[in-house]
Amino acid sequence: MNYVGAGVLDMALACTGVGLSLLVRSDPRFQTDQFYFWLALLFATTGVGTALGSIYLSRLSDRFGRRPLLLISLAGLALTTLSLAFAAAWWHLFVIMLVRSAFMGIFWPSLEARITDGAEGPEMARRLGLFGISFCAGLLLGPAAGGGLSDLGLRLPFFAAAALSLLLLILMAVVFRTDTAHDGHRSPPRPDDQIEEEPLAPAPRVRRAFLLCAWIANALTYAAVAILRQIFPSFAKLAADQGGLGLTGFQAGVIGAGVGLAMLIAFVLLGRHHFWHFKFRYLLFGQIISVLGCLVFAACSEMATLFAGSFLFGTGAGVVYIASIYYSLEGHAARAGQSGLHEGILCFGFAGGMIITAVLTRSHRTPYWICVALLLVGIAAEGLIWIRARGRASR
């Protein structure tokens, strides 16, 4: 049920995100001369709210248990998503998305902690891989569903996403009432024959450098994710004679689904193997691949090419995400709080990408060049951190 929950909710969230981007592009009540500014600022507000919820409210899961926090957050997500279907002004969207994002900040760390409680090393990587596969399945279906429903009715994606959240709430309330999974209050027993040892890990200083590099990569990669996931659908649907791509909502969603497909494949591979643990070159490779994907969005207009760019970017994003959450949780007992920190850094990056886009966007292609610049800055910073850490460790 944990893995099903990840997939269903991410499908609902992706459906909502695409639907919201297409709503404000098509509904006359949201048209403004500073369209990209307000759209980016809206999603920046969402990122900040999710980050604060992840860092501060997720800790309640370590104190009161996973189940009650998961159910409360799902109830809040269902109600706020339904409210989006009746929003008629920008300020409505800002208020609803800020409240909604706090519930997201509770849900994800609580679920991630519930999945990884009691696991270490390769076993934790295996569970995180399954978690990643699950939520990427939602990312595969959600964008296309949101775009297709928007073509039928601009408000339909919100009704569908709210229904999915409500359905998940009911299923979790029933299943979690009778299951015997560890719920965060104590260290669960692990039979000796189920304990797997982590392959030889580096010195503590180098481990800290890995974590810092993974956090930087996570924040900047998800700044780019925010731009590609939330800004691109509006650009794609804009008529070609106005500088856009002239695609349908469904076509824009299919392109966005390339990110989810690539992340799913990355999670399948990295969840089954641990060759990448504490290997900086894999983290670096993931970001270089993401840069190539962003370059495609900055320079190309054909649907097939854009899907390939989306797939490239998603491959790198998958590597960075699983590295960040693995290094964040490895060796920690209070897993909801640690997972909340990982998600908070991700969401602050998400918000930062949106704010930079709001301030700097001067043309329809500017956001994707911003993605390239952010990722290159991250690679340079991580390289310096890594070289310094390795140099000190060798003394």
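This is a predicted model, so every value here is computed, not measured. (Residues numbered from 1 in each chain as written. Predicted model: local features only at pLDDT ≥ 70, side-chain atom pairs only at ≥ 80, totals over all residues. Heavy atoms only, no water.)

## A short note on the overall build of the protein chain
Here is step 1: Of regular secondary structure, the protein chain possesses 13 helices and zero strands.
Here is step 2: Listed N to C, the secondary structure of the protein chain is α-α-α-α-α-α-α-α-α-α-α-α-α in terms of helices and strands.
Here is step 3: For the protein chain, whose C-alpha radius of gyration is 20 Å, the value lies close to the compact-globule estimate of 21 Å for 395 residues.
Here is step 4: In terms of overall dimensions, the protein chain has C-alpha extents of about 65 × 50 × 30 Å along its principal axes.
Here is step 5: Taking as baseline every contact in the protein chain between residues at least 6 positions apart, the subset at least 24 positions apart corresponds to 84%.
Here is step 6: Accessible surface computed for the protein chain: about 15,600 Å², of which carbon and sulfur atoms make up 68%.
Here is step 7: Once the 29 positive and 21 negative side-chain charges of the protein chain are each reduced to a mean point, those two points are 5 Å apart. (Helix = DSSP H or I, 4+ residues; strand = E, 2+ residues; numbered from the N terminus. Rg over C-alpha atoms; globule rule 2.2 N^0.38 Å. Contact = heavy atoms within 4.5 Å. Areas by Shrake-Rupley, 256 points an atom, 1.4 Å probe, with all protein chains shown as cover. Lys, Arg positive; Asp, Glu negative; His and termini not counted. Charge placed at Lys NZ, Arg CZ, Asp CG, Glu CD.)

## Observations concerning the packing of aromatic side chains
Here is step 1: Under the defined criterion, the tally for this structure stands at 19 aromatic pairs.
Here is step 2: Between Phe107 and Trp108, the ring centres sit 5.1 Å apart and the planes meet at 85°, which makes this aromatic pair edge-to-face. By the burial criterion, Phe107 is buried, and Trp108 matches it.
Here is step 3: When the centroid spacing of 5.1 Å and the interplanar angle of 10° are considered together, the rings of Phe280 and Trp386 count as stacked. Of the two residues, Phe280 sits in helix α10 (residues 280–299) while Trp386 sits in helix α13 (residues 366–393), which places them 106 residues apart along the sequence.
Here is step 4: Trp386 gets classed as buried once you look at its relative accessible area, which sits at 15%.
Here is step 5: Put simply, the rings of Phe107, Trp108, Phe131, Phe135, Tyr222, Phe267 and Tyr321 pair up and form one aromatic cluster.
Here is step 6: A cation sits over an aromatic face here: Arg25 above Phe35, 4.1 Å from the ring centre. (Phe/Tyr/Trp six-rings, centres within 6.5 Å; stacked < 30°, edge-to-face > 60°. Buried < 20%, exposed > 50% of the residue type's maximum accessible area, 1.4 Å probe, protein only. Lys NZ or Arg CZ within 6 Å of the ring centre and 35° of its normal.)

## Brief notes about helix α8 (residues 204–237)
Here is step 1: Over its 34 residues, α8 runs 49 Å from end to end, which matches the ideal 50 Å to within 8%, given 1.5 Å per residue.
Here is step 2: Most of α8 sits out of view: 26 of its 34 residues are buried. (Expected span 1.5 Å × (residues − 1).)

## Here we look at the confidence of the model for the protein chain
Here is step 1: Considering every residue of the protein chain, the mean pLDDT works out to 84; 91% of them sit at 70 or more.
Here is step 2: Confidence scores differ between elements of the protein chain, with helix α12 (residues 335–360) showing the lowest mean pLDDT of 81 and helix α4 (residues 66–84) the highest of 94.
Here is step 3: Of the regions scoring below 50 in pLDDT, residues 184–200 engages in 27 contacts with residues more than four places distant in sequence or in other chains. (pLDDT = per-residue confidence, 0-100.)

## Let's talk about a nonpolar patch on the surface
Here is step 1: Among the surface-exposed residues, Leu52, Tyr56, Leu57, Leu60, Phe64 and Phe348 lie close enough to one another that they form a single nonpolar patch of about 550 Å² accessible area.
Here is step 2: The set of elements that each furnish at least two residues to the nonpolar patch consists of α2 (35–57) and α3 (59–64).
Here is step 3: Ranked by residues supplied to the nonpolar patch, first place goes to α2 with three residues.
Here is step 4: Counting through the fold element by element, Leu57 comes out in helix α2.
Here is step 5: Owing to a relative accessible area of 32%, Leu57 belongs among the partly exposed residues under this scheme. (Patch = residues over 30% accessible without salt bridge, like charges linked within 9 Å, V, L, I, M, F, W, Y side chains within 5 Å. Salt bridge = Lys/Arg side-chain N within 4 Å of Asp/Glu carboxyl O.)

## So, the packing of helix α1 (residues 2–26) against α8
Helix packing for two helices is described by the angle between their axes and how far apart those axes are.
Here is step 1: The geometry of α1 relative to α8 is characterised by a closest axis approach of 8 Å and an angle of 45° between their N-to-C directions. In terms of their interaxial angle, α1 and α8 are classed as oblique. For the pair α1 and α8, the crossing hand works out as right-handed. On α8, the residues that touch Gly17, Ser21, Leu22, Arg25 and Ser26 of α1 are Gln230, Ile231, Pro233, Ser234 and Lys237.
Here is step 2: Here the residues of the contact of α1 with α8 sort into three nonpolar, five polar and two charged. (Axes fitted to C-alpha atoms, helices over the stretch in contact; angles between N-to-C directions. Parallel < 35°, antiparallel > 145°, perpendicular 65-115°, else oblique. Left-handed = near helix turned anticlockwise from the far one by under 90°. Nonpolar A, V, L, I, M, F, W, Y, C, P; charged D, E, K, R; others polar.)

## Focus on the state of the cysteines
Here is step 1: Scanning the entire structure with this criterion turns up zero disulfides.
Here is step 2: Left without a disulfide partner, Cys136 is nearest to the cysteine sulfur of Cys347, which lies 15 Å away.
Here is step 3: Taking relative accessible area as the criterion, Cys136 reaches 0% and is therefore assigned buried.
Here is step 4: Residue Cys347 is classed as buried on the basis of its relative accessible area of 8%. (Disulfide = S-S within 2.5 Å.)

## Concerning the environment of Leu375
Here is step 1: Relative to the helices and strands, Leu375 is located in helix α13.
Here is step 2: For Leu375, a relative accessible area of 1% puts it in the buried group.
Here is step 3: C-alpha of Leu375 to C-alpha of Gly146: the two residues are 229 residues apart in sequence and 28 Å apart in space.
Here is step 4: In contact with Leu375, other than residues within four places in its own chain, are Leu220, Thr221, Ser290, Val291, Cys294 and Phe313.

## Section: the pattern of salt bridges
Here is step 1: One pass over the full model with this rule turns up six salt bridges.
Here is step 2: When the shortest N-O distance is used, the salt bridge between Asp27 and Arg155 registers 3.2 Å. Within this pair, whereas Asp27 is found in the loop between α1 and α2, its partner Arg155 is found in the loop between α6 (121–152) and α7 (156–178), the two being separated by 128 residues in sequence. Grouping residues by exposure puts Asp27 and Arg155 together as buried.
Here is step 3: Of the charged contacts, one joins Glu123 and Arg127 as a salt bridge, the two residues approaching to 2.9 Å between their closest N and O atoms. Here Glu123 pairs with Arg127, and both are found in helix α6, just four residues apart, close to one helical turn.
Here is step 4: Salt bridges sharing partners connect three or more residues here, namely Asp27, Arg29 and Arg155.

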